Amino acid sequence: MNFPKKNADHEIKALCKESPNLLVALEGQDEYKKSMGRLFCENDSNKPKAFFRPKTTDDVCRVLRYASANQLQVSVLGGGHDPKGLAIIHDALVLDMSAMNHIDIDPQTATAWVEAGVNVKDLDDVTCPQGLAAVNGSCTTVGVVGFTLGGGFGFLSRTKGLAVDNCLQMEIVTATGQRIVASSQGHRHLFWVLRGAGQVGYGVVTKLQVKLHTLQEQYVGGRFWYVPMSSTKLKELLHVMSEFCRSAEDEITFNIYLITQVPGVAVDYFYDGHPSEAEGKLLPFLRSITERFGPPGESSTAVNGPWEEQTTSYVEYQQRFGEEPVKTYKMWKSAFLGELTPEVIHIIISQLEEAPVSSNPHTIGLELLGGEINRKSPDSCAYVHRDALYLFSAQAVWTPEDEAKGNAHACRQWAEETARSLLPHSLGSYQNYADCGENTRAQRLENYFGKANIQRLKELKEEYDPLGIFTREHFRL
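This structure is a prediction, so every number in the text was calculated from the model and none was measured.

(A) Up close: the packing of helix α12 (residues 342-354) against helix α14 (residues 408-421). Between α12 and α14, the shortest axis-to-axis distance is 10 Å and the interhelical angle comes to 170°. With respect to α14, the axis of α12 lies roughly antiparallel. Remark: the crossing between α12 and α14 carries right-handed chirality. In this structure, α12 contributes Ile 347, Gln 351 and Glu 354 to the contact, and α14 contributes Trp 414, Glu 417, Thr 418 and Ser 421. Each residue belonging to the contact of α12 with α14 can be placed in one class, and the counts come to 2 nonpolar, 3 polar and 2 charged.

Given below as structure tokens:
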């Protein structure tokens, strides 16, 4: 769609006069730069025509009625954490949801309504002091609504399921400005598709209701490092961890991050059960790692100590790394994997060795899934990846200096090639992260949403967004 040139700025300003709460920012204005600055990744190529910053759902309705009447594209900037920068469409209208940041908790029902501008830290800061927590991501700056629309998993997911499994209702504004509440009781088909395929674009989710879970006072959790570590030892470590994770208790979660250039590894671990139980179920394995590979790095948690020395509150563990560092250029690729077979491990370590040198090391992530996540039926919602045990990600990072020196191309190429090397072993791609470098859009969409679901997604798209107001090329069906 093309933005109408004639009197466009005048019409936008006139629209805002109808709603005094609605802030508008055009290119060149400070508020425009502020909204662009909220993107997780640098994105210099896409420049929206205008940012709208609504404070209420009524504001969103007005913008969408205007966009629909004029056949304008609209995108949504929630947490701004999409690694592909898809929150921004060139020459479109962007709804910056940051001012819609209200959280309404009902302790009696252990639920919360969460608006679209709320991020993980915002929600944790309100729920955790009341002894409650939602299934949230491990990065504090991620937007809760966007996180949920793509599936959403964190340190509680192996015992409590995905964010989509804990979502009870969604308020959504359609392309024509109609407000709808979708749940298992009403607009069930829309509720089904929003939980896992929300990025396709069926409307603007302004808030959602989530289930909250009772927290313990303390958990066992930490991180250990082996930096540097030879490729041979890294391969051995992955084999050892793969054997343990194959039958690990649901309460145990690992995130493994292989680091290029050094090389080395960081492993996050978390036990979602009574801390004393970790003494028999998790800690013997961690101690066996130190016996086999030696003491971990100095900044590691005391993995050889008793459980009492490894306790943390949930919120401390969630927020231990703070906010994201200074923004850089990134490319992410992802693939869901089953077992870490010897062949898969060989590919991963080979790609680690092939990584180009840049100002920052790149990483290969392996996040443990399974447990309660995989007990849900793959047709319970539009999130279909219920057979994966790991989420693999290749994360290339570079700086403007790397770009100027011509090194950025090699970084991008490495992420692409790393993902493609695992395509034969992939069980799909995570729509919240990135694709796996598929050759065609059709293959990409099937890997995101499952081949059997594509026709249903198309039919619902035609029903709720027939003009393609919310269509982004990456997710075009």
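(B) The sheet that holds strand β10 (residues 204-211), seen in detail. Taken in spatial order, the 5 strands line up as β5-β6-β10-β8-β9 in an open sheet, and their pairing is antiparallel. Each edge of the open sheet carries a strand with a single partner, namely β5 (103-106) and β9 (179-183). Recorded for the sheet is a direction-independent mean angle of 15° between the axes of neighbouring strands. For β5 and strand β6 (residues 111-115), the ladder comprises 4 bridges, and the chain directions are antiparallel. Looking at β6, one finds that Asp 104 is bridged to Trp 113. Taken strand by strand, helix α4 (residues 120-127) contacts β5 and β6, and its axis lies near 35° from that of β5. Together, β8 (167-173), β9 and β10 form the strand contacts of helix α7 (residues 188-197), whose direction differs from that of β8 by roughly 100°.

(C) How the structure looks around the packing of aromatic side chains. A complete count under the given rule lists 22 aromatic pairs for this structure. Seen in terms of ring centroids, Phe 244 and Phe 285 are 3.9 Å apart; in terms of plane orientation they differ by 5°. Their pairing is stacked. Taken together, the residues Phe 244 in helix α8 (residues 231-245) and Phe 285 in helix α10 (residues 283-293) connect sequence positions 41 residues apart. Side by side, Phe 244 and Phe 285 carry an identical accessibility label, which is buried. Seen in terms of ring centroids, Phe 336 and Tyr 430 are 5.7 Å apart; in terms of plane orientation they differ by 65°. Their pairing is edge-to-face.

(D) Molecular detail of the confidence of the model for the chain. Residue-level pLDDT values for the chain average 92, and 95% of them are 70 or greater. Across residues 1-6, confidence stays below pLDDT 50; counting only partners more than four residues off in sequence or on other chains, it has 16 contacts.

(E) Structural detail: helix α3 (residues 57-69). Here α3 contains 13 residues, and its C-alpha end-to-end distance of 18 Å stays within 8% of the 18 Å for a straight helix at 1.5 Å per residue. Every buried residue of α3 is accounted for by Thr 57, Asp 59, Val 60, Cys 61, Val 63, Leu 64, Tyr 66, Ala 67 and Ser 68. In the segment just after α3, Gln 71 is the residue with positive phi, at about 55°.

(F) Here's a closer look at the sheet that holds strand β14 (residues 264-271). With respect to topology, 7 strands assemble into an open sheet ordered β15-β12-β14-β13-β17-β18-β16, the strand pairing being antiparallel. Two strands in the sheet have a free side with no partner beyond their single neighbour: β15 (311-312) and β16 (329-337). Most of the contacts of α8 go to strand β13 (residues 252-259), to which it runs at about 165°, and overall it touches β13, β14, β17 (363-368) and β18 (390-398). Here α10 sits on the sheet and contacts β12 (219-226), β13 and β14; the angle it forms with β12, its principal contact strand, is near 15°.

(G) Looking closely at unusual backbone geometry. The linkage connecting Val 227 with the following residue, Pro 228, adopts the cis geometry, with an omega of 0°. A cis amide bond links Val 262 with the next residue in sequence, Pro 263, at an omega value of -20°. Locating Pro 263 in the fold gives a position in the loop between β13 and β14. At Ala 110, a position not held by glycine, the phi torsion is positive, near 55°. Note on placement: Ala 110 falls in the loop between β5 and β6. Classification of Ala 110 by relative accessible area gives buried; the value is 18%. Even without glycine at this site, His 187 takes up a positive phi of about 50°.

(H) Highlighting the packing of α7 against helix α16 (residues 454-464). Taken N-terminus to C-terminus, the directions of α7 and α16 make an angle of 115°; their axes are 11 Å apart at the nearest point. One way to sum up the angle between α7 and α16 is to call them roughly perpendicular. Handedness of the α7/α16 crossing: left-handed. Packed against α7, whose contacting residues are His 189, Leu 190, Trp 192, Val 193 and Ala 197, the element α16 presents Arg 456, Leu 457, Leu 460 and Tyr 464 at the interface. Tallied by class, the residues present in the contact of α7 with α16 amount to 7 nonpolar, 1 polar and 1 charged.

(I) Structural view of α14. Taking 1.5 Å as the rise per residue, α14 with 14 residues should run 20 Å; its terminal C-alpha atoms sit 20 Å apart, in good agreement. When we look at burial in α14, the residues that qualify are Ala 408, Cys 411, Trp 414, Ala 415, Glu 416, Thr 418 and Ala 419. Here the buried face of α14 lies against β16, α12, β17, β18 and α13 (400-405).

(J) Seen up close, the side chain of Asn 432. Turning to its location among the elements, Asn 432 is positioned in the loop between α14 and α15 (441-449). Residue class for Asn 432 comes out buried when judged on its relative accessible area of 16%. A distance of 2.9 Å separates a polar atom in the side chain of Asn 432 from the backbone oxygen of Phe 147. Side chain to side chain, Asn 432 and Tyr 430 meet in a polar contact 3.0 Å long. Excluding residues that lie within four positions of it along the chain, Asn 432 makes contacts with Pro 83, Gly 146, Phe 147, Gly 150, Gly 151, Gly 152 and Gln 199.

(K) Just the pattern of salt bridges, in detail. Summed over the entire model, instances satisfying the criterion amount to 25 salt bridges. A salt bridge links Asp 59 to Arg 62; its shortest N-O distance comes to 3.5 Å. Of this pair, Asp 59 and Arg 62 both sit in helix α3, separated by 3 residues, roughly a single helical turn. Overall, Asp 59 belongs to the buried group, its relative accessible area being 1%. Two residues, Asp 165 and Arg 386, come together in a salt bridge whose shortest N-O distance is 2.8 Å. Of this pair, Asp 165 sits in the loop between α6 (157-160) and β8 while Arg 386 sits in the loop between β17 and β18; the two residues are 221 residues apart in sequence, bridging distant segments of the chain. What makes Asp 165 buried here is its relative accessible area of 15%.

Calculation criteria
- Counting of residues starts from 1 at the beginning of each chain's written sequence and follows it residue by residue.
- Only residues with pLDDT of 70 or above have their local features reported here, since the model is predicted, and side-chain atom pairs are shown and tallied only from 80 upward, although totals for entire chains, interfaces and linings are computed over all residues.
- Water and hydrogen atoms play no part in the side-chain values, which are based on all heavy atoms of the structure.
- Angular values range over 0 to 180 degrees, each being the angle between N-to-C directions of two axes fitted as lines to C-alpha atoms, with helices fitted over their stretch in contact.
- Strands here mean DSSP runs of E at least two residues long; helices mean DSSP runs of H or I at least four residues long; both are numbered from the N terminus.
- An angle below 35 degrees is read as roughly parallel, one above 145 as roughly antiparallel, one from 65 to 115 as roughly perpendicular, and any other as oblique.
- Each crossing gets its handedness from the near helix: less than a right angle anticlockwise from the far helix is left-handed, clockwise is right-handed.
- Every residue pair with non-hydrogen atoms within 4.5 Å of one another is taken to be in contact.
- Just so you know the grouping, Ala, Val, Leu, Ile, Met, Phe, Trp, Tyr, Cys and Pro go in nonpolar, Asp, Glu, Lys and Arg go in charged, and all remaining residues, Gly too, go in polar.
- Paired strands are those between which DSSP finds at least two bridges.
- Centres within 6.5 Å are what make two rings of Phe, Tyr or Trp a pair, Trp counting through its six-membered ring; a difference in plane orientation under 30 degrees is then read as stacked, over 60 as edge-to-face, and the rest as tilted.
- Each residue gets one of three labels from its accessible area relative to the maximum for its type: buried under 20%, exposed over 50%, partly exposed in between, using a 1.4 Å probe on protein chains only.
- pLDDT measures the predictor's confidence residue by residue and takes values from 0 up to 100.
- The span you would expect from a helix comes to 1.5 Å times its residue count less one.
- Definition of a polar contact: a pair of N or O atoms within 3.5 Å, with one able to donate and the other able to accept a hydrogen when the atoms are protein atoms, and with sequence-neighbouring residues admitted only if both atoms are side-chain atoms.
- What counts as a salt bridge is simple: a side-chain nitrogen of Lys or Arg found within 4 Å of a carboxyl oxygen of Asp or Glu.

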